[in-house]
Amino acid sequence: MHSLSASYGANLVLQEVDLKVYENDFIGVIGPNGGGKTTLLKIILGLVKPVKGNLVFNGELLNGNSIGYLPQISTADINYPVTVTDIILSGLMIRKGIISMMSQSDKKMADSVITELGLAEMSKSMLSELSGGQIQRVFLGRAIIGNPRLLLLDEPGNFVDTTFENDFYEKLKELNNRMAILMVSHDVGTISSHIKSFACVNRRLHYHPSSEITNEDLLAYGCPIQLVTHGDVPHTVLKYHR
Amino acid sequence: METSIFQYGFIIKSLLGAVFASITAGLAGTYVVSKRMVFLSGGITHASFGGIGIGYFLGINPVAGAAVFGIMSALGVEYLSVKQRIREDSAIGILWAFGMAIGIIFIYLTPGYTPNLMSYLFGSILTVSNADIIALGIMSVILILYFGIFYRTILYISFDEVFARTYSSYVNVFKYITTSLIALTIVLNIRMAGVVLVISLLTIPPNIAMLFTRVYFKIILWSILAGFVGTATGYAISYYAGIPVGATIIFTLVIIWVLVKSTTLLIMKISKKNTIFKTLKQWITIL
């Protein structure tokens, strides 16, 4: 991503943003609400066209093929009559055309994702029969079934139940061996110690190559003034607010 | 009593009508019910009555007028809801009454022969022409092909439109096409079930089906079957009792729904205690 700007109408949301994501990166994107984090994801997904700049993937212009996406609280209707297996299969639609049949190998891929995420017993259930954590695992399954190179997570902390939260981040750590992860959050506390580096987005983007942020960094960049400390239990320290 | 040849032709026509009505209503209805578009569909139905009135007034085919009105109002509401500039339920409510008003005004303004309003409001098999049956037949083929070819695309867009936008730039195209096809399905079924009752022809069969299964294409198949049983029985009752066919069809469908619902409830309840009923419950779940 190079010198990228985006705007809604006259409102400049992102300005000259540069971000490089390498294989097996685990980047936490933080910043205040309205700072442009979700816009950044939308640009990567191609939902918002940048006013300026471009996205390059493996030397080519980016397409959706290699990206998995777990949206912020899903807009999907949990009472919709569709099974867990079918929802996870929809993650393959990126590389299928509009006329799409799912082959036996597609279904095998779905089965292995379902087993990996511990959803085997509910593969034929509807979402309304699952718990919040299970629903999120279904959507995670939809994001990873295509073995993406890059996994985008938008505020996953928002609909994880706390009992499941640790499992979820453990799962992400495992997945991180296979794919780079870019996770958006406004709450640093939910970004666990698994994160390898930070990017602060508040119209401009500032990249921190380590998972430690110094107080000076925060003051200089006008990012949300919250710190994660890494102990046995990661916790959040609130600092001076501007 | 009419001649047997007439009766034979009438039965064939009724049966074909029942088959095509249940296919079109089953496919469109499953989409409408899953996506919670029942109120929108009701709005489309009543708005299309305006087209019927204008059709009579101008001396063109009322069904063609209804089709134009139905599709335009469907696309209008979809467009407005995409733009989010208006409360969707209010827009539908206004459209609903406005369509009926236009219909009544123009039918009363039409000089000379006034059509039988009752047959449009409550349906009548006697006014269903061969052309209507053929149109429904063509619509069945179109819907089967459309849902058959684009099954997953349609399913996933209606399940999670926001996610679908991340991989497809055709989301709006599919939404508009599907909504137009639903509007056409409704309009073509008005002759038979009537403006007031046609919406139940779309909504009751999928609700019967969902008592058995949660898999989308199975809901479609069960809806078509339930729709056929309801429509054919409704025809028979209507014919022998001389009641408008729309009313008898809907009545039969609701009776089926109540029977199936109470049977499944009963089985679920007993199955907790009795092992024989447990297997029966599993059998139902497999279906």
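Residues numbered from 1 in each chain as written. Chains lettered and ligands numbered in written order. Predicted model: local features only at pLDDT ≥ 70, side-chain atom pairs only at ≥ 80, totals over all residues.

Peer 1: Would you mind going over the overall build of chain B with me for this structure?
Peer 2: A tally of regular secondary structure across chain B gives 13 helices and 0 strands. Ordering the α and β elements of chain B from the N terminus gives α-α-α-α-α-α-α-α-α-α-α-α-α. Its C-alpha radius of gyration of 20 Å places chain B within 12% of the 19 Å reference for a compact globule of 287 residues. The buried share among the 287 residues of chain B stands at 47%. (Helix = DSSP H or I, 4+ residues; strand = E, 2+ residues; numbered from the N terminus. Rg over C-alpha atoms; globule rule 2.2 N^0.38 Å. Buried ≥ 20, exposed ≤ 12 C-beta atoms within 10 Å, placed from the backbone.)

Peer 1: For this particular structure, what's the right way to read the overall build of chain A?
Peer 2: Across its full length, chain A holds 6 helices and 13 strands. Across the 242 residues that make up chain A, the buried fraction comes to 36%. Within chain A, contacts between residues separated by at least 24 positions form 67% of all contacts whose residues are at least 6 apart in sequence. (Contact = placed C-beta atoms within 7 Å.)

Peer 1: I'm lost on the packing of helix α7 (residues 151-159) of chain B against helix α9 (residues 171-193) of chain B in this one. Help?
Peer 2: A packed helix pair is summarised by two numbers, namely the angle formed by the two axes and the spacing between the axes. All names here are of chain B. Contact geometry for α7 and α9: axes closest at 10 Å, N-to-C directions at 100°. As judged from the angle between their axes, α7 and α9 are roughly perpendicular. In this structure, α7 uses Thr153, Ile154 and Ile157 to contact α9, whose residues at the interface are Val171, Phe174, Lys175 and Thr178. Taken together, the residues of the contact of α7 with α9 break down into 4 nonpolar, 2 polar and 1 charged. (Axes fitted to C-alpha atoms, helices over the stretch in contact; angles between N-to-C directions. Parallel < 35°, antiparallel > 145°, perpendicular 65-115°, else oblique. Nonpolar A, V, L, I, M, F, W, Y, C, P; charged D, E, K, R; others polar.)

Peer 1: Can you help me understand unusual backbone geometry in this one?
Peer 2: With glycine set apart, most residues show a phi of negative sign, and most peptide bonds adopt trans. For Asn147 of chain A, which is not glycine, the phi torsion reads 45° and is therefore positive. Summarising the element assignment, Asn147 of chain A is placed in the loop between α4 (132-144) and β8 (150-154). Within the chain, Arg36 of chain B stands out as a residue other than glycine whose phi angle is a positive 55°. Inspection of the secondary structure assignment puts Arg36 of chain B in the loop between α1 (4-34) and α2 (38-58). Judged by C-beta crowding, with 12 C-beta atoms within 10 Å, Arg36 of chain B ranks as exposed.

Peer 1: Got a minute to help me understand the environment of Trp96 of chain B in this structure?
Peer 2: Mapped onto the secondary structure, Trp96 of chain B falls in helix α4 (residues 88-109). Those residues in contact with Trp96 of chain B that lie beyond four places of it in its chain are Gly42, Gly43, His46 and Ala47 of chain B.

Peer 1: Hey, could you run me through the interface of chain B and chain A in this one?
Peer 2: Where the parts come together, the accessible area they lose is often given as the size of the interface. Every contact between the two is made by 21 residues of chain B and, on the other side, 19 residues of chain A. Broken down by secondary-structure element, the contributors of at least two residues to the side of chain B that touches chain A are α7, α8 (161-167) and α11 (216-241) of chain B. Taken together, the residues of the side of chain B that touches chain A break down into 13 nonpolar, 4 polar and 4 charged.

Peer 1: What's the story with the environment of Asn130 of chain B in this structure? I'm lost.
Peer 2: Here Asn130 of chain B shows up in helix α6 (residues 130-149). Here the alpha-carbon distance between Asn130 of chain B and Leu221 of chain B, two residues 91 residues apart in the chain, equals 26 Å.

Peer 1: So what exactly am I meant to see when it comes to the nonpolar core here?
Peer 2: The tendency in soluble globular proteins is for nonpolar side chains to be buried side by side. Val29, Ile88, Leu152 and Ile181 of chain A together with Ala28 and Val187 of chain B are the most contacted members of the largest nonpolar core, which totals 122 residues. Take this core: its biggest share by element is 11 residues, from α9 of chain B. Among all residues touching Ile181 of chain A, those that are not within four sequence positions of it are Phe26, Leu151, Leu153, Leu172, Leu175 and Asn176 of chain A. (Core = buried A, V, L, I, M, F, W, Y, C linked by C-beta atoms within 7 Å.)

Peer 1: What exactly am I supposed to notice about the packing of α2 of chain B against α9 of chain B here?
Peer 2: Residue and element names in this part refer to chain B. Running from N to C, α2 and α9 point in directions that differ by 55°, and their axes come no closer than 10 Å. Judged on the interaxial angle alone, α9 and α2 are oblique. Between α2 and α9 lies a crossing whose hand is right-handed. Facing Ser41, Ile44, Thr45 and Ser48 of α2, the residues of α9 in contact are Ile182, Ala183, Ile186, Val187 and Ile190. Its residues placed into classes, the contact of α2 with α9 shows 6 nonpolar, 3 polar and no charged. (Left-handed = near helix turned anticlockwise from the far one by under 90°.)

Peer 1: When you look at the pairing of strand β7 (residues 67-70) of chain A in this model, what are you seeing that I'm missing?
Peer 2: Where a strand is regular, its side chains alternate between the two sheet faces. All names here are of chain A. Residues Ile67 and Tyr69 point to one face of β7 and Gly68 and Leu70 to the other, with burial holding for every one of them. Of the pairings in the sheet, the one linking β7 to β8 comprises 4 bridges and is parallel in character. Across the sheet, Tyr69 pairs through a bridge with Leu152, a residue of β8. (Pairing = 2+ DSSP bridges.)

Peer 1: Any chance you could explain the confidence of the model for chain B here in plain terms?
Peer 2: It should be kept in mind that the predicted coordinates are not to be read in detail where pLDDT is low. Averaged over all residues, the pLDDT of chain B is 86; the fraction at 70 or higher stands at 90%. Least confident of the elements in chain B is helix α13 (residues 275-286) of chain B, whose mean pLDDT is 62; most confident is α6 of chain B, at 94. (pLDDT = per-residue confidence, 0-100.)

Peer 1: What is the right way to read the pairing of β8 of chain A from this model?
Peer 2: Residues and elements named next belong to chain A. Taking burial as the measure, the 5 residues of β8 include 4 buried ones, the bulk of the element. Across 5 bridges, the pairing between β8 and strand β9 (residues 180-185) is parallel. In the strand pairing of β9, Leu150 is matched with Ala180.

Peer 1: Mind showing me how you'd approach the confidence of the model for chain A here?
Peer 2: Residues and elements named next belong to chain A. Per-residue confidence for chain A averages 71 on the pLDDT scale, and 60% of its residues sit at or above 70. Within chain A, no element has a lower average pLDDT than strand β1 (residues 2-8), which sits at 46, and none a higher one than helix α2 (residues 84-89), at 90. Below a pLDDT of 50 lies the segment residues 1-10, which in the model reaches 36 contacts outside its immediate sequence neighbourhood of four places, other chains included. Overall, residues 219-235 carries pLDDT values under 50, and its contacts beyond four positions in sequence, including any with other chains, amount to 36 contacts.

Peer 1: Please explain helix α1 (residues 37-45) of chain A as it appears in this structure.
Peer 2: Because an α-helix packs 3.6 residues into every turn, residues spaced three or four apart end up facing the same way. The buried fraction of α1 of chain A amounts to 8 of the 9 residues, a majority that puts the element mostly inside the structure. For α1 of chain A, the complete set of buried residues consists of Lys37, Thr38, Thr39, Leu40, Leu41, Lys42, Ile43 and Ile44 of chain A.

Peer 1: Just to check I follow, could you spell out the environment of Ile224 of chain B for this structure?
Peer 2: Residue and element names in this part refer to chain B. With respect to the secondary-structure elements, Ile224 resides in helix α11. For Ile224, a count of 24 C-beta atoms within 10 Å puts it in the buried group. As a C-alpha pair, Ile224 and Gly234 span 10 residues in sequence and 15 Å in three-dimensional space.

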